[in-house]
Amino acid sequence: MNVRVFVDGTGKFGAMHRVIFDEKQEINPDIRLKIAKELGLDETIFVNDVKLGDISIFSQTNEVRFAGSAALATAYALREYRHKVPSNLKCQGNVIPVVQAQSMLWITGDMSTFPEWNIVSLDSVSELLRLEPSYKKSLQHTLLWSWQDQDNGIVRARTFATD
């Protein structure tokens, strides 16, 4: 299932993820990584157990403990698949709480388990959107942002956490 998260009110922008249901775990980790590389998305998520919300998240380079947009995409996919919001997701032993408020889904993570982030302000949204995929290979744990509408407090942001 393809899921785009962090979209605007019209469904534009956001990050595309692929959620793959593999409850029998027939796809081994090496093949999962190969699939993630071939898809070329920031993360590809494998659902190991629908009822328990057990998942594995793969970037294009390795399996990761947590990726917020991937967890959110998976919560949405499970809500659509089961017609029920999962209370938690589980990824590499970590419990990721899921909450629905009206039509919005929220996930939370324990920030103390994550590495330090670099925060970079750019001059314009167009500069932010022009970043080439090769550029993100040089960034680790970086959030780039720019004002979209400073008067109304609206920013556009992109994150890069290749590991």
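All of the points below concern the structure found in this document. Not measured: the values here are computed from a predicted model.

This part is about unusual backbone geometry. Excluding glycine, most residues fall at negative phi; most peptide bonds, likewise, are trans. Positioned with a positive phi, Phe-6 is a non-glycine residue whose angle comes to about 60°. When you line up the elements, Phe-6 lands in the loop between strand 1 (2-5) and strand 2 (15-21). The phi angle at Gln-92 is positive, at roughly 50°, despite the residue not being glycine. Within the fold, Gln-92 resides in the loop between strand 6 (88-91) and strand 7 (94-101). Judged by its relative accessible area of 42%, Gln-92 is partly exposed.

This part takes up a nonpolar patch on the surface. A surface patch of nonpolar side chains, amounting to about 290 Å² of accessible area, comprises Met-1, Phe-21 and Tyr-81. Position of Met-1 relative to the elements: it lies in the segment before strand 1. Its relative accessible area of 39% is what places Met-1 among the partly exposed residues.

On to helix 2 (residues 68-82), then. Each full turn of the α-helix corresponds to 3.6 residues, which orients residues three or four apart in the same direction. Between its first and last C-alpha atoms helix 2 spans 21 Å; for 15 residues at 1.5 Å apiece the expected length is 21 Å, and the two agree. Taken as a whole, helix 2 has its buried residues at Ser-69, Ala-70, Ala-71, Leu-72, Ala-73, Thr-74, Ala-75, Ala-77, Leu-78 and Arg-79. Backbone geometry just downstream of helix 2 places His-83 in the positive-phi region, at approximately 60°.

Within this structure, the stated rule accounts for three aromatic pairs. When the ring centre of Phe-13 is taken as reference, the NZ or CZ atom of Arg-156 above it lies at 3.9 Å.

Calculation notes
Residues numbered from 1 in each chain as written. Predicted model: local features only at pLDDT ≥ 70, side-chain atom pairs only at ≥ 80, totals over all residues. Heavy atoms only, no water. Helix = DSSP H or I, 4+ residues; strand = E, 2+ residues; numbered from the N terminus. Buried < 20%, exposed > 50% of the residue type's maximum accessible area, 1.4 Å probe, protein only. Patch = residues over 30% accessible without salt bridge, like charges linked within 9 Å, V, L, I, M, F, W, Y side chains within 5 Å. Areas by Shrake-Rupley, 256 points an atom, 1.4 Å probe, with all protein chains shown as cover. Salt bridge = Lys/Arg side-chain N within 4 Å of Asp/Glu carboxyl O. Expected span 1.5 Å × (residues − 1). Phe/Tyr/Trp six-rings, centres within 6.5 Å; stacked < 30°, edge-to-face > 60°. Lys NZ or Arg CZ within 6 Å of the ring centre and 35° of its normal.

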